[in-house]
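Architecture at a glance
What follows is the residue order along each chain.
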Amino acid sequence: YTEKAGYQGRCLSITGEARLQSLLKLESRHKWREELTQAVQGRTKDELLEVLVARDAIEGAIAALAAQKATPADVLALTNILSRQQLMAQTEQVAADEDVTFHEELARIAGNKILRASIGLIRQDHQLSPVLETIRRKVGGKIHIDHQRIVDAIAAHDPEAARSAMRHHINGLIHDVEKYWDES
């Protein structure tokens, strides 16, 4: 990566300069990745709202794609997840795992690797779903009703209705978070 520079010692060769630029780009990507990872682990009201705004953009697109690509088996899988979630809600059990499973299944059905990885990164904080479920219970929100609207739109293969249902769902979460903080 270096070459002799007379009595001055050594300097970077063309190959060395290219390697240095490659390492600098890699370092920059690592920095941005780390910053995003930290940002999606919202702890304060404002951080949690930022996570939800990002989810709104990404998951709206996921729902629309899922509506275009869903097979009858996919709709059945979503319906089964929703049934388990409703049963857990009726018996006042924590249904956060079913919420995660529902959104992961939507991303799988959508079939877009970038969107799936993005939402996977955003949802990697495993405390996010239980926190949101607790907030929604305290303010009277019902996630499974929102999820039913999403499944209905996907079953109808209506991308815009699916996007709208997902946006309604995320905006409901945003409203519930704001209401919770105002009441606390």
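Look above for the structure.
In this text the structure is predicted, and so the values were computed from the model without any measurement.

Right, let's get into the side chain of Glu-59. One can find Glu-59 in helix 2 (residues 45–69). A distance of 2.5 Å separates the side chain of Glu-59 from the side chain of Arg-55, its partner in a polar contact. When sequence neighbours within four positions are dropped, the list of residues in contact with Glu-59 reads His-103, Ile-119, Arg-123, Met-166 and Ile-170.

Attention now goes to the environment of Val-139. Here Val-139 shows up in helix 6 (residues 128–139). On a C-alpha basis, the gap between Val-139 and Glu-183 in space is 8.9 Å, while along the polypeptide they are 44 residues apart.

Turning to the side chain of His-169, a few remarks are in order. Along the polypeptide, His-169 turns up in helix 8 (residues 159–183). A polar contact is formed between the side chain of His-169 and the side chain of His-147, at a distance of 3.4 Å.

Scanning the entire structure with this criterion turns up one aromatic pair. For the ring pair Tyr-180 and Trp-181, a centre distance of 5.6 Å and an interplane angle of 85° mean the geometry is edge-to-face. In this structure Tyr-180 comes out as partly exposed when scored by relative accessible area, which is 24%.

Parameters and conventions
- Residues numbered from 1 in each chain as written.
- Predicted model: local features only at pLDDT ≥ 70, side-chain atom pairs only at ≥ 80, totals over all residues.
- Heavy atoms only, no water.
- Helix = DSSP H or I, 4+ residues; strand = E, 2+ residues; numbered from the N terminus.
- Polar contact = N/O pair within 3.5 Å; in protein donor to acceptor, adjacent residues only side chain to side chain.
- Contact = heavy atoms within 4.5 Å.
- Phe/Tyr/Trp six-rings, centres within 6.5 Å; stacked < 30°, edge-to-face > 60°.
- Buried < 20%, exposed > 50% of the residue type's maximum accessible area, 1.4 Å probe, protein only.

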